[in-house]
Amino acid sequence: MTEDAEARIFEIISFAILKSHYKTQKIYIGLTIEEIHEEYLQLFKTGRTNANDGGIDFVMRPIGRFFQVTEVNNYDKYLLDIDKVLHFPISFVIKTTKSKQMMEHEIEQYIKEKSGGMVVVEERYKKAFEEIITINEIKTWLLQLDEGSINLIISDIDFYYKMEMNLEDFSAE
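Residues numbered from 1 in each chain as written. Predicted model: local features only at pLDDT ≥ 70, side-chain atom pairs only at ≥ 80, totals over all residues. Heavy atoms only, no water.

**Q** Help me understand the overall build of the chain in this model?
**A** Looking only at helices and strands, the chain features six helices and seven strands. The C-alpha atoms of the chain give 17 Å as radius of gyration, which agrees with the globular expectation for 173 residues (16 Å, within 12%). For the chain, with 173 residues in total, the buried portion stands at 38%. Considering only contacts in the chain between residues 6 or more positions apart, those separated by 24 or more positions represent 60%. Within the structure as shown, the chain displays about 10100 Å² of accessible surface, and the carbon and sulfur contribution to it stands at 54%. Each charge class in the chain can be summarised by its mean position, and for the 20 positive and 31 negative side chains these summaries are 2 Å apart. (Helix = DSSP H or I, 4+ residues; strand = E, 2+ residues; numbered from the N terminus. Rg over C-alpha atoms; globule rule 2.2 N^0.38 Å. Buried < 20%, exposed > 50% of the residue type's maximum accessible area, 1.4 Å probe, protein only. Contact = heavy atoms within 4.5 Å. Areas by Shrake-Rupley, 256 points an atom, 1.4 Å probe, with all protein chains shown as cover. Lys, Arg positive; Asp, Glu negative; His and termini not counted. Charge placed at Lys NZ, Arg CZ, Asp CG, Glu CD.)

Encoded structure:
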C-alpha cells in the first residue's frame, strides 16, 4: 500500500485490514456489573467509497467509533468531517507514509491557525481527533495477522472491489 494508491482502492484495502485488526480485540460491556459480558469489536463499511454523500466511511460496534478515510493534502476537509458529526470523535485513516506523530503535529498546528486564538474552538477540534492511522500502522497491523485473517482480507477486498466497480449485481444482497 502506497500514497499513490487510487482513493477507492486505498479505502477498500484499509477497511479489510482494519476489520481484521480489530476483530480479535474484545471489550467488556453491560448495564450492570452482573450483566457484563465480552464482545469482540466489529468494523462495518457504511456505504460505497468516494460517494461524497457526507457520510462516515466505517463504524465500529459495539462502541460506536467512527472512521473517516482521507488524503493528507486538505486539512479543511478533516475539520469539515468533524463538523458534520457535531464534533463527535473520529479516527482518521490517512493515505500517507508520514509518521502518525508528524500528522498529529501538522493537524494541531493547522487547528491552532484556523481557530484564530479561540482556545475553546481549538480544544473542540483537538478532542474530536480520536486516533490518526497512517499507512505505516496499517502495514504493521497487516504483518501481525495470521493466514486465516489474510484470507479474509483478500475475500473482503475482492467483494468490495467488485461492488465498487459494478462487476456484479449487489442489489439483492
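**Q** Honestly, unusual backbone geometry in this entry has me stumped. Any pointers?
**A** What is expected of a backbone is that most residues other than glycine have negative phi and most peptide bonds are trans. That bond from Arg61 to Pro62 is cis: its omega, 5 degrees, falls within 30 degrees of zero. Following the sequence through the fold, Pro62 ends up in the loop between strand 4 (58–61) and strand 5 (65–71). Not every positive phi belongs to a glycine, and His87 is a case in point at roughly 70 degrees. With respect to the secondary-structure elements, His87 resides in the loop between helix 2 (75–84) and strand 6 (90–95). If you check the backbone angles, Asn166 has positive phi at about 55 degrees while not being a glycine.

**Q** Help me understand the environment of Tyr40, please; the structure alone is not making it clear to me.
**A** Tracing the sequence through the fold places Tyr40 in strand 2 (residues 37–40). Between the alpha carbons of Tyr40 and Glu6 there is a distance of 31 Å; along the sequence they are 34 residues apart. Residue contacts for Tyr40: discarding those within four places in its chain leaves Lys23, Thr24, Gln25, Lys26, Arg61 and Pro62.

**Q** How do you make sense of helix 4 (residues 119–128) when you look at a structure like this?
**A** Because an α-helix packs 3.6 residues into every turn, residues spaced three or four apart end up facing the same way. Buried within helix 4 are the following residues: Glu122, Tyr125 and Ala128. Take helix 4 and look down its axis: the buried residues cluster within an arc of 130 degrees, on one side only. Away from the buried face of helix 4 by more than 90 degrees, exposed residues Val119, Val120 and Lys127 are located. (Arc of directions from axis to C-beta.)

**Q** Would you explain the environment of Lys98 in this entry?
**A** On the secondary structure map, Lys98 appears in the loop between strand 6 and helix 3 (100–115). Along the chain, Lys98 and Glu3 lie 95 residues apart, while their C-alpha atoms are 9.7 Å from each other. For Lys98, the contacting residues outside a window of four places in its chain are Glu3, Val72, Met103, Glu106, Thr134 and Asn136. For Lys98, the side chain forms a polar contact with the side chain of Glu106, separated by 3.0 Å. (Polar contact = N/O pair within 3.5 Å; in protein donor to acceptor, adjacent residues only side chain to side chain.)

**Q** Just checking my understanding: could you explain the nonpolar core for this structure?
**A** The nonpolar side chains of soluble globular proteins are, as a tendency, buried together. Among the nonpolar cores identified, the biggest contains 23 residues, and Leu18, Tyr22, Phe67, Val93 and Ile133 are the most heavily contacted of them. Those elements that provide at least two residues to this core are helix 1 (7–22), strand 4, strand 5, helix 5 (135–143) and helix 6 (147–164). Element by element, the count of residues in this core is highest for helix 1, at seven residues. Once residues within four sequence positions are removed from consideration, Ile133 is found in contact with Leu18, Tyr22, Phe67, Phe92, Val93, Ile94, Ile138 and Trp141. (Core = buried A, V, L, I, M, F, W, Y, C linked by side-chain atoms within 4.5 Å.)

**Q** Please clarify how a nonpolar patch on the surface should be interpreted in this entry.
**A** A cluster of nonpolar residues, Tyr28, Ile33 and Ile36, forms a patch on the protein surface that exposes about 370 Å² of accessible area. Within the fold, Tyr28 resides in strand 1 (residues 26–29). (Patch = residues over 30% accessible without salt bridge, like charges linked within 9 Å, V, L, I, M, F, W, Y side chains within 5 Å. Salt bridge = Lys/Arg side-chain N within 4 Å of Asp/Glu carboxyl O.)

**Q** Explanation requested: helix 6 in the structure shown.
**A** In a regular helix each residue adds 1.5 Å, so 18 residues correspond to 26 Å; helix 6 covers 26 Å between its end C-alpha atoms and thus fits that length. Of all the residues in helix 6, the buried ones are Ser149, Ile153, Asp156, Tyr160, Met163 and Glu164. The buried residues of helix 6 occupy an angular sector of 100 degrees when projected down its axis, which confines them to one face. Pointing more than 90 degrees away from the buried face of helix 6 are the exposed residues Glu147 and Ile154. Tucked inside the fold, the buried residues of helix 6 contact helix 1, strand 3 (42–45) and helix 5. Measuring from the side-chain oxygen of the N-cap residue of helix 6 to the backbone nitrogen of Gly148 gives 3.3 Å; that N-cap residue is Asp146. Within two residues after helix 6, Asn166 carries a phi angle of roughly 55 degrees, on the positive side. (Expected span 1.5 Å × (residues − 1).)

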